[in-house]
Amino acid sequence: MVSAEAARNIVGIIGNVISFGLFLSPTPTFWRIIKRKDTEEFHPYAYICACMNCMFWILYGLPVVHPDSTLVVTINGIGLALELIYLSIFCVYNREKKGRKIVAIGLLGEVAFLGVIAVITFVVFHNTTTRTLFVGIICDIFNIIMYASPLSIWHKVIKTKSVEYMPFFLSLANFANGAVWTAYGLIKFDKFIVVSNGLGTVLGAIQLIIYGCYYKSTPKKGSGDVIKPNEVQLSGATIA
């Protein structure tokens, strides 16, 4: 019989695979940017936010904060590296200095904020229980914000009765990601992983229901390689 710890590791590995796929989902967008040598109307905000999300979950998963969270650290470390690659590509091909300044200021601000939180964590709190509570609350706040980010897309879908701006497989992957990490958090109960990802699972399910309701009313258009700016905003993966 599989032990709880082994089951947790298996679910965590599955979560890593799904999350890795989500982190790779913006690849077509940035391949387009490279081919056209222009960022066009794309914005870096989702990727800057994803960097902050990853950095705080890495802090959360450190043994001195929350022991036995290696899988949380590994996937968020990979995610952070990919998000920084995406932002580097954005900066290289952004013709306006404004975009580069946004990326630079955003990342510097995030690193400074992370530094402040890290100092408070290790100086003020002296055991893993209180450190987990402090960092976990912050992680949940950012995770919930990331999961709620498609709300503007929902409004657009309902208003236009079209799912053109809501890619099905990305929506399904977001739902599966939330569900797997919720299961991971339940096996060896971790309320901070369960709360944000449980909410993410519910929001993901609602998104799939909305897709099902408006799929048939979506105008059929010729296929092309155009990637909508709105799709990019859905691609910032939310990882436990």
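Note that the structure is a prediction, hence the values are computed from the model and not measured.

Engineer: Could you give me a rundown of the overall build of the protein chain, with the residues and numbers involved?
Structural biologist: Per the secondary structure count, the protein chain includes ten helices and zero strands. When the helices and strands of the protein chain are placed in sequence order, the string is α-α-α-α-α-α-α-α-α-α. Buried residues in the protein chain amount to 46% of all 240 residues. Taking all contacts inside the protein chain whose residues are at least 6 apart in sequence as the whole, residues at least 24 apart take part in 83%.

Engineer: Quick rundown of the side chain of Thr132? Include the residues and the values.
Structural biologist: Structurally, the position occupied by Thr132 is in helix H6 (residues 128-148). Accessibility expressed as a relative area gives 9% for Thr132, which makes it buried. Within the structure, Thr132 has its side chain in polar contact with the backbone oxygen of Thr128 (distance 2.7 Å). Setting aside anything within four residues of it in sequence, one finds Thr132 in contact with Tyr60, Val65, His66, Ile137 and Phe192.

Engineer: Give me the side chain of Ser196: which residues, what numbers.
Structural biologist: Among the secondary structure elements, Ser196 is positioned in helix H9 (residues 191-214). Non-local contacts of Ser196, meaning those with residues more than four positions away in its chain, are made with Trp57, Asp140, Asn143, Ile144 and Tyr147.

Engineer: Help me get a handle on the UniProt feature "transmembrane region" (unreviewed entry) in the protein chain, residues and values and all.
Structural biologist: The residues that UniProt annotates with the feature "transmembrane region" (unreviewed entry) are residues 6-24, 45-65, 71-93, 105-126, 132-153, 165-187 and 193-214. Taken end to end, residues 193-214 is 100% helix and 0% strand, and its two terminal C-alpha atoms sit 31 Å from one another.

Engineer: Quick rundown of helix H3 (residues 45-61)? Include the residues and the values.
Structural biologist: Each α-helix winds once per 3.6 residues, and so residues spaced three or four apart point in a common direction. In this model H3 runs 25 Å from its N-terminal to its C-terminal C-alpha over 17 residues, within 8% of the 24 Å that 1.5 Å per residue would give. Buried residues dominate H3, accounting for 15 of its 17 residues.

Engineer: Kindly report on a nonpolar patch on the surface, identifying the contributing residues and their values.
Structural biologist: A surface patch of nonpolar side chains, amounting to about 410 Å² of accessible area, comprises Val116, Val119, Ile120, Val123 and Val124. Relative to the assigned elements, Val119 resides in helix H5 (residues 97-124).

Engineer: How would you sum up helix H2 (residues 27-36)? Please name residues and give values.
Structural biologist: If you check which residues of H2 are buried, you get Thr29, Phe30, Arg32 and Ile33. Buried residues along H2 cover an arc of 150 degrees about the axis, so they all sit on one side. Looking at H2, the residues exposed on the side facing more than 90 degrees away from the buried face are Trp31 and Lys35. Following H2 by one or two positions, Lys37 has its phi on the positive side, about 55 degrees.

Engineer: Tell me what's going on with the environment of Pro26, and back it up with residues and numbers.
Structural biologist: Structurally, Pro26 can be placed in the loop between helix H1 (4-24) and H2. The spacing of Pro26 and Cys91 is 65 residues in sequence and 16 Å in space, taken between C-alpha atoms.

Engineer: I'd like to hear about the environment of Phe113, residue by residue, with values.
Structural biologist: Along the chain, Phe113 turns up in helix H5. Exposure remark for Phe113: the relative accessible area of 35% places this residue in the partly exposed category. Between the C-alpha atom of Phe113 and that of Met52, which follows or precedes it by 61 residues, the distance is 9.3 Å. Excluding residues that lie within four positions of it along the chain, Phe113 makes contacts with Met52, Phe56 and Phe142.

Engineer: Outline the packing of H3 against H6, supporting the account with residue identities and numerical values.
Structural biologist: Taken N-terminus to C-terminus, the directions of H3 and H6 make an angle of 155 degrees; their axes are 9 Å apart at the nearest point. Relative to H6, the element H3 is oriented roughly antiparallel. Crossing handedness for the pair H3 and H6: left-handed. Residue-level contacts link Cys49, Ala50, Met52, Asn53, Phe56, Trp57, Leu59 and Tyr60 of H3 to Thr132, Val135, Gly136, Ile138, Cys139, Asp140, Phe142, Asn143 and Met146 of H6. Of the residues contributing to the contact of H3 with H6, the split by class is twelve nonpolar, four polar and one charged.

What counts and how
Residues numbered from 1 in each chain as written. Predicted model: local features only at pLDDT ≥ 70, side-chain atom pairs only at ≥ 80, totals over all residues. Heavy atoms only, no water. Helix = DSSP H or I, 4+ residues; strand = E, 2+ residues; numbered from the N terminus. Buried < 20%, exposed > 50% of the residue type's maximum accessible area, 1.4 Å probe, protein only. Contact = heavy atoms within 4.5 Å. Polar contact = N/O pair within 3.5 Å; in protein donor to acceptor, adjacent residues only side chain to side chain. UniProt positions renumbered as here; feature names shortened; annotations may be inferred. Expected span 1.5 Å × (residues − 1). Patch = residues over 30% accessible without salt bridge, like charges linked within 9 Å, V, L, I, M, F, W, Y side chains within 5 Å. Areas by Shrake-Rupley, 256 points an atom, 1.4 Å probe, with all protein chains shown as cover. Salt bridge = Lys/Arg side-chain N within 4 Å of Asp/Glu carboxyl O. Arc of directions from axis to C-beta. Axes fitted to C-alpha atoms, helices over the stretch in contact; angles between N-to-C directions. Parallel < 35°, antiparallel > 145°, perpendicular 65-115°, else oblique. Left-handed = near helix turned anticlockwise from the far one by under 90°. Nonpolar A, V, L, I, M, F, W, Y, C, P; charged D, E, K, R; others polar.

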